[in-house]
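The primary structure of each chain is shown beneath.
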Amino acid sequence: MEHSIEYLEKQFQDRIDRGENIEAKDWMPEKYRKTHIRQISQHAHSEIVGMLPEGNWITRAPSLRRKVALLAKVQDEAGHGLYLYSAAETLGISRDELFHQLHTGKAKYSSIFNYPAVTWADMGAIGWLVDGAAIINQVMLTRTSYGPYARAMVRICKEESFHQRQGYEIMITLCNGTEEQKAMAQDALNRWWWPSLMMFGPTDAESTHTEQSMKWKIKRKTNDELRQQFIDITIPQAEFLGLTVPDPDLKWNEERGHYDFGEIDWTEFWQVVKGFGPCNKERLKARNKAWDNGAWVREAALAYSEKQSKESIRKAV
Ligand code: BYC
């Protein structure tokens, strides 16, 4: 029996409301599919582009131990990108198309990766703040309604907590070091604080997708709720380091049971999102170059797989 779209949508919403996961072969509204392709692919691209600011420091890490940890972290990010591209592919888009969208600048990725990593302390600040923000956002996504995305997030979150500790430990070491090292840590916090808050996206009032995404349990918390959660967790960590968060309006609000904080520079945020941040062009150029340089690997892999399938046909006849 053929069902109307309204009937199917109602059944779908009932499943979401009962807390069921939606799987790749289940019926889903076209907008749910598209929203997921958009969000998962933006997330995958963020992991891949996110390797660039840190990759730049692997050869300059101050000790073998730091180099090994940073290398492992960057490799994890490549792995996260791959899980996420696979999750996006279950929704009917090809990996080639996803890469094409990234390389032509059509696809978005997190604004945070368009800022430069200029000192070793930035490796500390990125791990502490950027991975810290990513965890807050991603723990929520382990319970997102689309099964393949939720399952990918469980693995990713386990690795993200190692990344956050790796960064915070760098900050602790710098803050217990010489005055110059502590000043480097403070400078990195000054530069990464506000861009980290921007990672959670526009305010709820300005967010185009939050309302529908909350109904479909793609998101379990809003952008503002997650941003507040991040601030409340991070301020005591900054105090422990003896660093000052660069926000004169930051203060504990006893009544709300949360920190109040100053106004984010939304003009800067939208500039970066629209492609005009400090490193947008450099990041796209690096990804395109890596894609072009890897062409021979893809061609060789395809040629090998064609040879294998011809062999298996020959053996079968
Ligand atoms: N940067 O309606 P909204 C990581 C866009 S961490 C750029 O609120 P939504 C990592 C948004 O796409 C980072 N664009 O959107 C860590 C939308 O534009 P479109 C990756 C942004 O989707 C360390 C428009 O603004 N994490 O991976 O409901 C090392 C309106 O926004 C940003 C994820 O991607 C931004 N910051 O909520 C390496 C987590 N914020 O698409 C790697 C998954 C918003 O309509 N994503 N926009 O053209 C999410 O949870 C949600 O997509 C967001 C935004 C909370 C980010």
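Check the entry above for the structure.
Only a predicted model underlies this, so the values are computations on that prediction, with no experimental measurement involved.

Definitions and limits used
- Residues numbered from 1 in each chain as written.
- Predicted model: local features only at pLDDT ≥ 70, side-chain atom pairs only at ≥ 80, totals over all residues.
- Heavy atoms only, no water.
- Helix = DSSP H or I, 4+ residues; strand = E, 2+ residues; numbered from the N terminus.
- Buried < 20%, exposed > 50% of the residue type's maximum accessible area, 1.4 Å probe, protein only.
- Polar contact = N/O pair within 3.5 Å; in protein donor to acceptor, adjacent residues only side chain to side chain.
- Contact = heavy atoms within 4.5 Å.
- Near = heavy atom within 4 Å.
- Phe/Tyr/Trp six-rings, centres within 6.5 Å; stacked < 30°, edge-to-face > 60°.
- Lys NZ or Arg CZ within 6 Å of the ring centre and 35° of its normal.
- Axes fitted to C-alpha atoms, helices over the stretch in contact; angles between N-to-C directions.
- Parallel < 35°, antiparallel > 145°, perpendicular 65-115°, else oblique.
- Nonpolar A, V, L, I, M, F, W, Y, C, P; charged D, E, K, R; others polar.
- Salt bridge = Lys/Arg side-chain N within 4 Å of Asp/Glu carboxyl O.
- Core = buried A, V, L, I, M, F, W, Y, C linked by side-chain atoms within 4.5 Å.

**Concerning the side chain of Arg-283**
Moving on, step 1. Along the chain, the position of Arg-283 falls in helix 12 (residues 280–293).
Moving on, step 2. Judged by relative accessible area, Arg-283 falls into the buried class, the value being 5%.
Moving on, step 3. A polar atom in the side chain of Arg-283 sits 3.0 Å from the backbone oxygen of Tyr-115.
Moving on, step 4. Ignoring sequence-local partners within four residues, the contact set of Arg-283 consists of Val-49, Leu-52, Pro-53, Tyr-109, Phe-113, Asn-114, Tyr-115 and Pro-116.

**Examining the site of the ligand**
Moving on, step 1. Close contacts around the ligand come from 32 residues, with Lys-108, Ser-207, His-209, Lys-219 and Asn-223 the closest.
Moving on, step 2. Within the backbone of Met-199, an N or O atom sits 3.3 Å from a nitrogen atom of the ligand.
Moving on, step 3. At 2.9 Å from an oxygen atom of the ligand is found a main-chain nitrogen or oxygen belonging to Thr-208.
Moving on, step 4. At the level of elements, helix 2 (30–49), helix 6 (121–141) and helix 11 (266–276) are the ones that each hand at least two residues to the shell around the ligand.

**What to know about the packing of aromatic side chains**
Any aromatic ring pair is given by two values, namely how distant the centres are and how the planes are angled relative to each other.
Moving on, step 1. Under the counting rule described, the total for this entry stands at 14 aromatic pairs.
Moving on, step 2. For the pair Tyr-32 and Trp-216, a centre-to-centre distance of 5.5 Å together with 85 degrees between the ring planes defines the contact as edge-to-face. Taken as a pair, Tyr-32 in helix 2 and Trp-216 in the loop between helix 9 (210–215) and helix 10 (223–241) lie far apart in primary sequence, 184 residues in all.
Moving on, step 3. Using a relative accessible area of 0% as the deciding quantity, one classes Tyr-32 as buried.
Moving on, step 4. Ring plane angle 85 degrees and centroid distance 5.4 Å describe the contact between Trp-266 and Phe-269, whose orientation is recorded as edge-to-face. Placement of both Trp-266 and Phe-269 in helix 11 is noted, with a separation of 3 residues, approximately one turn of the helix.
Moving on, step 5. In this structure Trp-266 comes out as buried when scored by relative accessible area, which is 18%.
Moving on, step 6. Among the aromatic residues, those joined into a ring-pair cluster are Phe-12, Trp-27, Tyr-32 and Trp-216.
Moving on, step 7. Above the face of the Trp-57 ring, Arg-60 is positioned so that its terminal group lies 4.0 Å from the ring centre.
Moving on, step 8. The lysine or arginine in question, Arg-298, covers the ring of Trp-291, its NZ or CZ lying 3.5 Å from the ring centre.

**As for the packing of helix 8 (residues 179–198) against helix 10**
Moving on, step 1. For the pair helix 8 and helix 10, the least separation of the axes is 12 Å and the interaxial angle reads 175 degrees. Accordingly, the angle class assigned to the pair helix 8 and helix 10 is roughly antiparallel. Of the residues in helix 10, those in contact with Lys-182, Trp-193, Ser-196, Leu-197 and Met-198 of helix 8 are Arg-227, Phe-230, Ile-231, Thr-234, Ile-235 and Leu-241.
Moving on, step 2. Residue classes in the contact of helix 8 with helix 10 are distributed as 7 nonpolar, 2 polar and 2 charged.

**Observations concerning the pattern of salt bridges**
Moving on, step 1. The full count for this structure, using the stated rule, is 19 salt bridges.
Moving on, step 2. Here Lys-73 ties to Glu-54 by a salt bridge, and the two come within 2.3 Å at their closest N and O atoms. Separated by 19 residues along the polypeptide, Lys-73 in helix 4 (residues 64–89) and Glu-54 in helix 3 (residues 51–58) bring together distant segments of the chain.
Moving on, step 3. Using a relative accessible area of 1% as the deciding quantity, one classes Glu-54 as buried.
Moving on, step 4. Within this structure, Arg-15, Arg-18, Glu-20 and Asp-26 form a network of salt bridges that share partners.

**Quick notes on the nonpolar core**
Moving on, step 1. Membership of the largest hydrophobic core comes to 75 residues, with the highest contact counts inside it found for Tyr-32, Trp-192, Trp-193 and Phe-230.
Moving on, step 2. Counting residues per element, this core draws most heavily on helix 6, at 11 residues.
Moving on, step 3. Residue contacts for Trp-193: discarding those within four places in its chain leaves Leu-129, Phe-230, Ile-231, Thr-234, Ile-235, Val-245, Pro-246 and Asp-247.

**A word on the environment of Ala-88**
Moving on, step 1. The topology assignment puts Ala-88 in helix 4.
Moving on, step 2. Sequence separation of Ala-88 and Gln-42 is 46 residues, and the distance between their C-alpha atoms is 10.0 Å.
Moving on, step 3. Other than its neighbours up to four places away in sequence, Ala-88 contacts Ile-40, Ile-93 and Leu-98.

**Re the side chain of Asn-223**
Moving on, step 1. Along the chain, the position of Asn-223 falls in helix 10.
Moving on, step 2. Engagement of the side chain of Asn-223 in a polar contact is seen with the backbone oxygen of Phe-200, the distance being 3.2 Å.
Moving on, step 3. A distance of 2.8 Å separates a polar atom in the side chain of Asn-223 from a polar atom in the side chain of Lys-219.
Moving on, step 4. Excluding its chain neighbours within four sequence positions, the residues that come into contact with Asn-223 are Phe-200, Gly-201, Pro-202, Asp-204, Ser-207 and Thr-210.

From the geometry alone we can't say anything about function, so treat these as descriptive.
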